[in-house]
Amino acid sequence: MTPTSRGAKLEASPTHLLHRAVQSATDVFAKEVGAEGLTHRQYAVLLTISQNEGLSQTGLVERTGIDRSTLADVVRRMIGKGLIQRKRTRQDARTYAVKLSEKGRQALDQTEPAARAADDKLLEGLNGSQRKQLIDMLNTIVNANMAEKAT
């Protein structure tokens with residue numbers, strides 16, 4: 001069997017295309033934010049904390065989709081940079097609750113316009129209804145896989 005006669009084609013592989021889309025999104029975000037700005041993961045963490053003050057690190061994993069060990073490293077670095085604060089919860093001394101520091105709130109405020117610009121740039125080849133359809137489909141994929149993980 002020759003390589004060209006195989007059934008699988010990368011251009012038709014959702015896994016491959018989503019991977020490439022993530023690479024593109026990460027590159028566009030980094031370009032819009034700049035070398036000294038937040039990474040996309042840091043932005044996702046700050047935005048999630050801002051919307052869920054006092055959230056546990058486990059809650060951050062669930063809401064951002066960042067794996068537990070990577071998130072622990074991101075949180076540790078962000079604490080070191082003074083962007084977030086962490087303290088033990090009263091309900092469970094083993095659990096940390098996180099919140100934004102003033103510096104983290106400022107970093108989030110400074111990054112939000114660039115993050116919106118990155119989203120717009122990433123989707124500039126799509127019209128309004130295509131953008132909505134793509135976002136809806138991506139949410140469907142994410143939600144279906146989260147439901148599968150829970151079972």
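For the structure itself, consult the block above.
Attention here is on the structure that accompanies the text. (Residues numbered from 1 in each chain as written. Predicted model: local features only at pLDDT ≥ 70, side-chain atom pairs only at ≥ 80, totals over all residues. Heavy atoms only, no water.)

## What about a positive patch on the surface?
In plain terms, the rule: Nonpolar side chains (Val, Leu, Ile, Met, Phe, Trp, Tyr) within 5 Å and like charges within 9 Å form the patches, drawn only from residues with over 30% relative accessible area and no salt bridge. Using a 1.4 Å probe, accessible areas were evaluated by the Shrake-Rupley method; residue-level cover was limited to the displayed protein chains. A carboxyl oxygen of Asp or Glu within 4 Å of a side-chain nitrogen of Lys or Arg is what we treat as a salt bridge. When charges are counted, Lys and Arg contribute as positive and Asp and Glu as negative, whereas His and the chain ends are disregarded. Think of each charge as sitting on NZ of Lys, CZ of Arg, CG of Asp or CD of Glu. Accessible area is worked out with a 1.4 Å probe on protein chains only. A residue is then buried under 20% of its type maximum, exposed over 50%, and partly exposed in between.
A surface patch of positive charge is lined by Lys 87, Arg 90, Lys 99 and Arg 105. Residue class for Arg 90 comes out exposed when judged on its relative accessible area of 85%.

## Some words on the pattern of salt bridges
Basically, it comes down to this: A helix here means a DSSP run of H or I that spans at least four residues, while a strand means a run of E at least two residues long, and both kinds are numbered starting from the N terminus.
On inspection of all chains with the given rule, the structure shows 4 salt bridges. Across the salt bridge formed by Arg 76 and Asp 73, the nearest N and O atoms sit 2.2 Å from each other. Separated by 3 residues within a single helix, Arg 76 and Asp 73 lie in helix α4 (residues 68-80), roughly one turn from each other. Note on Arg 76: relative accessible area 51%, which makes it exposed.

## With respect to the environment of His 16
Following the sequence through the fold, His 16 ends up in helix α1 (residues 14-33). Using a relative accessible area of 21% as the deciding quantity, one classes His 16 as partly exposed. Expressed as a C-alpha distance, the spacing of His 16 and Ala 117, which sit 101 residues apart in the sequence, is 25 Å.

## With respect to helix α2 (residues 40-51)
Counted only if it meets this: A helix is expected to span 1.5 Å multiplied by its residue count minus one. We call two residues in contact whenever any of their non-hydrogen atoms come within 4.5 Å of each other.
In this model, α2 (12 residues) spans 17 Å end to end at C-alpha, consistent with the 16 Å of a helix rising 1.5 Å per residue. Tucked into the core, α2 has its buried residues touching α1, α3 (57-64), α4, β1 (84-88), β2 (96-100) and α5 (102-122).

## Remarks on the side chain of Thr 48
For Thr 48, the location among the structural elements is in helix α2. Residue classification places Thr 48 among the buried residues on the basis of a relative accessible area of 11%. In contact with Thr 48, not counting residues within four places along its chain, are Leu 55, Leu 60, Arg 63 and Thr 64.

## Quick notes on the packing of aromatic side chains
So the rule is basically this: Ring pairs are drawn from Phe, Tyr and Trp, using the six-membered ring of Trp, whenever the two centres fall within 6.5 Å, and their geometry is named by plane angle: stacked under 30 degrees, edge-to-face over 60, tilted for the rest. When the NZ atom of lysine or the CZ atom of arginine is within 6 Å of a ring's centre and also within 35 degrees of its normal, the charge is said to sit over that ring.
Evaluation of the coordinates by the stated rule reveals 1 aromatic pair. With 5.7 Å between their ring centres and 45 degrees between their planes, Phe 29 and Tyr 43 make a pair best called tilted. In this pair, Phe 29 is assigned in helix α1 and Tyr 43 in helix α2, connecting sequence segments 14 residues apart. Sitting above the plane of the Tyr 96 ring, Arg 86 keeps its charged end 4.0 Å from the centroid.

Scope: geometric values only; no functional claims are made or implied.
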